[in-house]
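# Understanding the architecture of this molecule
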Amino acid sequence: MRDAGIDANPLLASTKDNGTINAYFPFLNQFNCVLASVKDGDTWYAMNAADKFNSFDMVPYDVLYTNVLVVDKKDGGLARLNSDRIYKNNIFFTCSIDSAGILAGQADIKSTGYARNTRMSAYKKSNLKRSV
């Protein structure tokens, strides 16, 4: 990225499954993934190319609210990955009850933010087919 003129640095991170790092003594074996920190104007983005469902402007969910090690000679050190994005599911029901008391209908779910990431990942791993 730097060769292309993009202001970028590697970030060493520990996923939530791996556990938190010791901020006072961050050893290399505490980290289990590498992200890219990219600057666009005054905005920094933490990106993980291995997560195909995560948008470039969202901190990857598995490292959200964790400390990372910024690998840079001038401005390196520990940083915290935070986000103001939310986990949101909207569920819409359309249903009816016939004269025999049978309930019929459908439910639609609209997921946004981090909820979309987890839902898309689960959807792709399952054999569910989308109804038309």
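Scope of this entry: the structure provided in the associated data block.

What counts and what doesn't
Residues numbered from 1 in each chain as written. Predicted model: local features only at pLDDT ≥ 70, side-chain atom pairs only at ≥ 80, totals over all residues. Heavy atoms only, no water. Core = buried A, V, L, I, M, F, W, Y, C linked by side-chain atoms within 4.5 Å. Buried < 20%, exposed > 50% of the residue type's maximum accessible area, 1.4 Å probe, protein only. Helix = DSSP H or I, 4+ residues; strand = E, 2+ residues; numbered from the N terminus. Contact = heavy atoms within 4.5 Å. Phe/Tyr/Trp six-rings, centres within 6.5 Å; stacked < 30°, edge-to-face > 60°. Lys NZ or Arg CZ within 6 Å of the ring centre and 35° of its normal. Patch = residues over 30% accessible without salt bridge, like charges linked within 9 Å, V, L, I, M, F, W, Y side chains within 5 Å. Areas by Shrake-Rupley, 256 points an atom, 1.4 Å probe, with all protein chains shown as cover. Salt bridge = Lys/Arg side-chain N within 4 Å of Asp/Glu carboxyl O. Pairing = 2+ DSSP bridges. Axes fitted to C-alpha atoms, helices over the stretch in contact; angles between N-to-C directions.

## Focus on the nonpolar core
Core analysis: the largest hydrophobic core is formed by 13 residues, its most contacted members being L11, A13, L35, V59, V63 and L81. When residues of this core are traced back to their parent elements, those giving at least two are β1 (7–13), β2 (33–40) and β4 (67–70). Sequence-distant contacts of V63, that is, excluding residues within four places in its chain, are made with A13, S14, T15, C33, L35 and L81.

## Observations regarding the packing of aromatic side chains
Tallying each qualifying case throughout the model produces 3 aromatic pairs. Their ring planes at 45 degrees and their centres at 6.5 Å tell us that Y61 and Y87 sit as a pair that is tilted. You can see Y61 sitting in the loop between β3 (43–47) and β4 and its partner Y87 sitting in strand β6 (residues 87–97), a full 26 residues away along the chain. Ring-pair connections join several aromatic residues into one group, and the members of that group are Y61, Y87 and Y114. Taking the ring centre of Y61 as reference, the NZ or CZ of K16 above it sits at 4.6 Å.

## Examining a nonpolar patch on the surface
The grouping of Y24, F25 and F27 at the surface amounts to a nonpolar patch, some 450 Å² of accessible area in total. Positionally, F25 belongs in the loop between β1 and β2.

## A closer look at the sheet that holds β2
Spatial ordering of the open sheet is given by β3-β2-β1-β4-β5, a layout of 5 strands whose pairing is antiparallel. Edge positions in the open sheet fall to β3 and β5 (77–80), since each of these has one partner strand only. Each adjacent strand pair in this sheet contributes to an overall mean axis angle of 35 degrees, direction not counted. Note: β2 against β3, 5 bridges, orientation antiparallel. Looking at the pairing, K39 lines up with W44 of β3.

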